[in-house]
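Chains, contacts and geometry: an overview
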Amino acid sequence: MKRVVITGIGVVAPGAVGTKNYWSLLTLGRTATRGITLFDAGAFRSRVAAEVDFDPAAHGFTLADTERLDRTAQFALVSAREAIADSGIGGDERIDPLRTGVSLGSAIGCTTGLATQYAILSDCGSTWTVDHTKAGEYLYDYFVPSSLAAVVARDCGAQGPVGLVSSGCTSGLDAIGNGAELIRDGSADVVVAGGAEAPISPISMACFDRIRLTSPRNDEPATASRPFDRTRDGFVLGEGAAVVILEELEHARRRGARAYAELSGFAAYSSAHHMTGLRPGGQEMADTIRAALDRARLNPVDVDYINAHGAGTRHNDRHETHAFKAGLGDHARRIPVSSIKSMIGHALGAAGALDMVASALAIQHDTVPPTANLHEPDPTCDLDYTPLFAREQRTSTVLSVASGFGGLHSATVLTRPRLREAA
Amino acid sequence: MTTTAGPGPRGGTRTQPARTREGTGGGARTLVTGIGVAAPNGLGTRAWWQALLDGRSGIGPITRFDASGYPVRIAGEIRGFVDEDHIPSRLLPETDRVTRIALTAAEEAFADSGVEPRELPEYAAGVITASSAGGVEFGQRGLAALWAKGARYVSVYQSSAWFHAANPAQIAIRHQLRGPGSTIISEQAGGIDALARSRRRIRDGARLMVTGGVDSTLCPWGWAAHLADGRLSTSADPARAYLPFDADAGGHVVGEGGALLVVEDADAAARRGAVGYGIVAGCAATFDGADRPRLREAAELALADAGIRPEEVDVVFADGAGERAADRVESEALCALFGPYGVPVTVPKTMTGRLGAGGSSLDLAAALFTLRERVVPPTTGTRRAAEDCPLDLVTGSARELPDLRTALVLARGRGGFNSAAVVCAPAAG
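Residues numbered from 1 in each chain as written. Chains lettered and ligands numbered in written order. Predicted model: local features only at pLDDT ≥ 70, side-chain atom pairs only at ≥ 80, totals over all residues.

Concerning the overall build of chain A
What counts here: Numbering goes from the N terminus for both helices and strands, where a helix is a DSSP run of H or I of at least four residues and a strand is a run of E of at least two. Note on method: radius of gyration uses C-alpha positions; expected globular size equals 2.2 Å times residues raised to 0.38. By definition, residue pairs are in contact when their C-beta atoms, positioned from the backbone, come within 7 Å.
For chain A, the helix and strand inventory stands at 13 helices and 15 strands. Here the C-alpha atoms of chain A give a radius of gyration of 20 Å, agreeing with the 22 Å that 2.2 N^0.38 yields for 423 residues. The principal-axis extent of the C-alpha atoms belonging to chain A is close to 60 × 55 × 40 Å. Restricting to contacts in chain A with at least 6 residues of sequence separation, those with at least 24 account for 81%.

Put into structure tokens, the structure is as follows:
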């Protein structure tokens, strides 16, 4: 059975562009949530978000690029370039383009660009038969988000299997799981994998406002994302991208690559219960966790850290707590859990990838990032959520989970790699 | 890594993994046991297949919206599909048309397979389908409400009806499928890529997967995107607008619909007495280099995955872009593999238009029916292949091939995606 390791990392996150800044933000427990600045959110119920301070010009994008590339694509490109540079595969002639793939995840693709384009083509919604002559030629690429994977593949020269995985808020983990499958079954040696999302736009805020899933804590934006806290009142929308370079273990070893972590287990199940609701009890998520551990040939006792989905909605955090207990038994009480969404918000289809990167870095640094803003424990969420402060501890095995619309659950197990570790 | 071509799949020092007739990875074989079709020239497999054999097209003037102000006014609409006839009324407010089409095709595929999914073990069955554009008309309604009236007028179902994962999630809920659920997007190539991923799940122990895919972009908003893309034929004649491999090719026609497939672990299917349509023997995907198309390599890798030599391929379902340069690229790939006029080639999507992710899914369905019926549906419109496309194109009428056992299906997605699948008659697996 081929094994898969992570040999490069790239991140564009709220409050932190670049892996170093990201890890610093997470371990300091700083929050990047704030009042929305990307558009006038005055009319919305929820007016907070975790935004990326992103200057396209600083990353080499021209004005034409920024028109052609939705913000999501720009995030994907920047994080992919960092990951590729980090891994050392760029310019390495031993890397076969035909055996290099791309697997990106995104829940809602280029919706932000679509919303802007619609206002222009429809004269602010006044005509149903929109005026196609006002459309940019890239409009079709906004519609079909495989364009995100295509942009990254073209940029890095990948000519193997390339695709976009869209599974709601599990997209990030699912895309990385898909990338690992491509390596395990021999279809690729290297896969540029991750997730990207830039959903902070009037249409996405409207969608979540309508079902009251996002936090209305508009007066305290910096502490609005409160996973597992008794006072939590919804998730805070985030954005960003995270990309990892997945590589077949022997391939990485042959070229002397360093590795952050081994992707030892992945599983995805569904509750088939409701489009937006969670099935009480968390049994499907518990079974997803068990399946991922089984594939990694590990037991609950082996898990050193759980990187939770931790959205910060009333239901999710309780559901997830049940799932950890059902899936890991008594060990659930012993294992530190945390939700980095407390700091960087919930970036939908990028969230799983941002989680995966945090998990790999936790192994590299033997440090568990905290759950920020957790001051008042919720009696129904009674595990160790690593409140407020990062914790230095031996961290060799990390379980990272995600849940999303459509009743989808994903779980990934990362372990300390057996070849040279990341410096 | 460089953008220049590396060693090809047959050359270089990099050794390919051991191939077997079961393809990469070994494990269980994947058998297609159920097909559901919603196509412009036929709702349901029976009507659609008969239309294909008769060379009957579903392309015509657009009726689903007022297209009179647009430079292209023809498309492949699923005319007989009245949403209310197929979908429980409580689901109507929370689904886009594309999801209603998907649910209908999934229902037919399950009925066709004879499987009762509720009788399977809890996580043994999942849904991995392809999509290109998600719930486009629902998207337009939400955006129109937002900009014209305000955020409070956006539907409470907007987020879960518009996003790309709506189809697999709704299918999973309807049929209680608790295995993996996901959407694969690679534009037109998606149907094959979703099949490839489903096949990996079967090898990994899943008992059954629902795969394939549908798209529906026939509303003004979706139309604006197609027009902006600039690849549509501007011919107003439904019979001559989409002419793959023809010297007069000048773009394509868009349609809606596609096919959903039920695929199963072949041994488990055999135990319950299912014969099935065909074995998914090989799949592969590549991406074009900056100056080098990689369609040929996708086909070669799929054949290698299947352990099948080019001379064993009996028919090719081509992508058939209907654009001169892209047609030449595909023709060159086919000639390199099979020689000029070396294998019968067909593009039945001339009768439906290009259906996004539904296109490659419907081609898979057509290839599987071809294996069963041993007759190749024709390419309509194109009377003969251009001189620079030396292909044995099946034109005019369907061609019977009594010894037909193996089909190759090709698809390309906008941006550089190439995918290929090899399907074999069950006994040949």
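After that view, the rundown keeps rolling.
Quick notes on the overall build of chain B
What counts here: Labels follow a simple rule on C-beta atoms placed from the backbone: if 20 or more others lie within 10 Å of a residue's own, it is buried; if 12 or fewer, it is exposed; otherwise it is partly exposed.
The secondary structure content of chain B amounts to 12 helices and 16 strands. For 429 residues, the compact-globule estimate of 2.2 N^0.38 gives 22 Å, and the C-alpha radius of gyration of chain B, at 20 Å, lies within 12% of that figure. If you line up chain B on its principal axes, its C-alpha atoms span 60 × 55 × 50 Å. Burial statistics for chain B: of 429 residues in total, 66% are counted as buried. For chain B, the proportion of contacts with a sequence separation of at least 24, taken over those separated by at least 6, is 78%.

Considerations on the environment of N41 of chain B
Summarising the element assignment, N41 of chain B is placed in the loop between strand 1 (30-39) and strand 2 (42-43). With 213 residues separating them along the chain, N41 of chain B and V254 of chain B place their C-alpha atoms 13 Å apart.

Considerations on the pairing of strand 7 (residues 190-197) of chain A
All names here are of chain A. This is how the line gets drawn: Any two strands between which DSSP finds at least two bridges are classified as paired.
Among the 8 residues in strand 7, 8 count as buried, and that is most of the element. Of the two faces of strand 7, both are covered, the one formed by V190, V192, G194 and A196 as well as the one formed by V191, A193, G195 and E197. Where strand 5 (residues 100-105) meets strand 7, 6 bridges bridge the pair, whose relative direction is parallel. Across the sheet, T100 pairs through a bridge with V190, a residue of strand 7. The pairing of strand 7 with strand 8 (residues 240-248) spans 8 bridges and is antiparallel.

Details of the interface of chain A and chain B
To be explicit about the condition: Charged means Asp, Glu, Lys or Arg here, nonpolar means Ala, Val, Leu, Ile, Met, Phe, Trp, Tyr, Cys or Pro, and polar covers whatever is left, Gly included.
In this assembly, 82 residues from chain A lie in contact with 75 residues from chain B. Sorting the residues of the side of chain A that touches chain B by element identifies helix 4 (111-121), helix 5 (139-143), helix 6 (146-156), strand 6 (162-166), helix 7 (171-184), helix 8 (202-210), strand 9 (261-270) and helix 10 (283-295) of chain A as the ones contributing at least two each. In terms of residue count, helix 8 of chain A provides more of the side of chain A that touches chain B than any other element does, 8 residues in total. Each residue belonging to the side of chain A that touches chain B can be placed in one class, and the counts come to 42 nonpolar, 27 polar and 13 charged. Strand direction decides the pairing type here: strand 6 of chain A and strand 6 (residues 181-185) of chain B, joined by 3 bridges, are antiparallel. The partner of V165 of chain A across the bridge, within strand 6 of chain B, is I184 of chain B.

Remarks on the nonpolar core
Put simply, the rule is: By convention the nonpolar core is taken to be a set of buried residues drawn from Ala, Val, Leu, Ile, Met, Phe, Trp, Tyr and Cys and joined through C-beta atoms within 7 Å.
V152, V192 and L246 of chain A together with A302, V409 and V423 of chain B are the most contacted members of the largest nonpolar core, which totals 301 residues. Ranked by the residues each element gives to this core, the list is headed by helix 13 (residues 351-365) of chain A, at 10 residues.

Focus on the packing of helix 7 (residues 190-203) of chain B against helix 12 (residues 357-373) of chain B
Residues and elements named next belong to chain B. As a reminder, the rule being used: Axis definition: a line fitted to C-alpha atoms, over the contacting stretch in the case of helices. Angles run 0 to 180 degrees between N-to-C directions. By the definition adopted for this analysis, an angle is roughly parallel if under 35 degrees, roughly antiparallel if over 145, roughly perpendicular if from 65 to 115, and oblique otherwise.
In contact at an axis separation of 6 Å, helix 7 and helix 12 are set at 65° when each is read in the N-to-C sense. In terms of axis orientation, helix 7 runs roughly perpendicular to helix 12. Contacts between helix 7 and helix 12 involve G190, G191, I192 and L195 from the first element and A357, G358, G359, S360, S361 and L364 from the second. Residues that form the contact of helix 7 with helix 12 fall into these classes: 4 nonpolar, 6 polar and no charged.

A few points about unusual backbone geometry
Positive phi outside glycine occurs at N373 of chain A, with the angle close to 65°. Inspection of the secondary structure assignment puts N373 of chain A in the loop between strand 12 (367-368) and strand 13 (391-392). According to the C-beta neighbour criterion, N373 of chain A is buried, with 27 such atoms within 10 Å. With a phi angle near 55°, Q176 of chain B is a residue other than glycine that sits in the positive phi range. Of note, Q176 of chain B is situated in the loop between helix 6 (166-175) and strand 6. A residue is classified by how many C-beta atoms lie within 10 Å of it, and Q176 of chain B, with 15 of them, is partly exposed.

A closer look at the pairing of strand 15 (residues 406-413) of chain B
All names here are of chain B. Counting buried positions along strand 15 gives 8 out of 8 residues, so the element sits mostly inside the fold. Of the two faces of strand 15, the one holding T406, L408, L410 and R412 and the one holding A407, V409, A411 and G413 are both buried throughout. As defined by bridge partners, strand 10 (residues 315-317) adjoins strand 15 across 3 bridges and the pair is classed as parallel. Note on strand 15: the bridge partner recorded for V316 is L408. Note that strand 15 and strand 16 (residues 417-424) share 8 bridges and pair antiparallel.

Focus on helix 1 (residues 45-54) of chain B
Residues and elements named next belong to chain B. Cut-off, in case you're wondering: The directions considered for the arc run from the helix axis to the C-beta atoms.
Along helix 1, the residues classified as buried are T45, W48, W49, A51 and L52. Along the long axis of helix 1, the arc covered by the buried residues comes to 160°, so they all point the same way. In helix 1, the exposed positions that point more than 90 degrees away from the buried face belong to R46 and Q50. Where helix 1 is buried, its residues meet strand 1, strand 2, helix 3 (97-113) and helix 12.

Re the confidence of the model for chain B
Regions with low pLDDT carry predicted coordinates that are not meant to be interpreted in detail. Residues and elements named next belong to chain B. Operational definition: Per-residue confidence from the predictor is reported as pLDDT, which spans 0 to 100.
Confidence in the prediction for chain B averages 93 pLDDT; 93% of positions are at 70 or higher. This model gives residues 1-24 a pLDDT under 50, and the stretch forms 54 contacts once residues within four places in sequence are excluded. With pTM at 0.96, the complex prediction returns an ipTM value of 0.97.

Topic: the packing of helix 3 of chain B against helix 6 of chain B
Residues and elements named next belong to chain B. Short version of the rule: Put simply, a crossing is left-handed when the front helix is turned counterclockwise from the back one by less than a right angle, and right-handed when it is turned clockwise.
Across the interface, helix 3 lies against helix 6 with an axial gap of 9 Å and an inter-helix angle of 45°. Here helix 3 is positioned oblique relative to helix 6, judged by the angle of their axes. Helix 3 and helix 6 meet at a crossing whose hand is right-handed. Contact residues: V98, T99, A102, L103, A106 and F110 in helix 3; A166, N167, Q170, I171, R174 and H175 in helix 6. When the residues that make up the contact of helix 3 with helix 6 are grouped by side-chain class, the tally is 7 nonpolar, 4 polar and 1 charged.

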